Amino acid sequence: MADEQVQQQFAMQRIYTKDISFESPATPDVFKKQWQPAVNVDLNTKSDKIDDNGNFEVVLSVTITAKVDEETAFLVEVQQAGIFMIAGIEGEDLRRVLGTAAPNILFPYARESIDSLCVKGGFPPVMLAPVNFEALYQQALAQSAAQASEAAEGESATH
């Protein structure tokens with residue numbers, strides 16, 4: 001029957017670390033300073049269809065830079081990845097699942113790796129707060145819509 005709806009499916013197949021890095025260029029001198037770092041957190045996600053069976057790789061990249069007195073105490077980069085089987089979900093709904101549900105699953109793994117690396121590097125754990133990937137996704141949609149509208153206005157102004 002051609003009318004049959006494909007049942008919506010979302011299943012995690014595998015979680016793995018794609019890339020991991022810890023740098024501490026200011027050691028050992030940074031340990032002599034009072035530990036009141038300025039911490040910057042950068043999050044990114046990307047996804048790619050990896051086969052014709054509905055499998056997607058989603059990569060959550062988290063970069064943390066901690067500076068003490070403008071000197072980099074440490075820099076941690078983790079690319080936490082997963083393979084997710086997704087069926088019966090298309091278009092905007094598929095983009096939403098790839099941009100929100102998958103990163104929500106990956107984030108605790110990335111957070112644990114970051115804490116472990118910091119402690120092994122001689123620093124306190126970072127203890128990243130939970131992230132609202134739905135809000136970040138909505139923000140990215142609004143930003144790309146605003147950029148598209150600005151580009152369209154720029155096009156009409158030049159013609």
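Just so we're clear, the structure is a prediction, and the values are computed from it rather than from any experiment. (Residues numbered from 1 in each chain as written. Predicted model: local features only at pLDDT ≥ 70, side-chain atom pairs only at ≥ 80, totals over all residues. Heavy atoms only, no water.)

What follows deals with the packing of aromatic side chains. On inspection of all chains with the given rule, the structure shows eight aromatic pairs. Ring centres of Trp 35 and Phe 74 lie 6.1 Å apart, and the angle between their planes is 25°; this geometry places the pair in the stacked category. Of this pair, Trp 35 sits in the loop between β1 (9–23) and β2 (38–49) while Phe 74 is found in strand β4 (residues 71–87), placing the two residues 39 residues apart along the sequence. Owing to a relative accessible area of 30%, Trp 35 belongs among the partly exposed residues under this scheme. Residue classification places Phe 74 among the buried residues on the basis of a relative accessible area of 2%. Ring centres of Phe 74 and Phe 123 lie 4.9 Å apart, and the angle between their planes is 50°; this geometry places the pair in the tilted category. A residue pair is termed long-range when its members are at least 10 positions apart, and Phe 74 in strand β4 and Phe 123 in the loop between α1 (91–120) and α2 (133–158) qualify at 49 residues. The class for Phe 123 is buried, based on a relative accessible area of 5%. (Phe/Tyr/Trp six-rings, centres within 6.5 Å; stacked < 30°, edge-to-face > 60°. Helix = DSSP H or I, 4+ residues; strand = E, 2+ residues; numbered from the N terminus. Buried < 20%, exposed > 50% of the residue type's maximum accessible area, 1.4 Å probe, protein only.)

The next subject is α1. Compared with the 44 Å implied by 1.5 Å per residue over 30 residues, the 43 Å span of α1 between its first and last C-alpha is a close match. Considering bend angle alone, the principal kink of α1 is centred on Pro 103 and spans about 40°. One or two steps after α1, the chain reaches Gly 122, where phi turns positive at roughly 90°. (Expected span 1.5 Å × (residues − 1). Bend = angle between axes of the 7 residues up to and from the residue.)

For the rest of this paragraph, the subject is the pairing of strand β3 (residues 55–68). For β3, the tally of buried residues reaches twelve of 14 residues, placing the bulk of the element in the interior. Pairing geometry for β2 and β3, over twelve bridges, is antiparallel. Bridging from a neighbouring strand, Lys 46 pairs with Val 59 of β3. Turn length for the β2-β3 hairpin, with the two strands adjacent in sequence and antiparallel, is five residues, and the turn residue Gly 54 shows positive phi of about 85°. (Pairing = 2+ DSSP bridges.)

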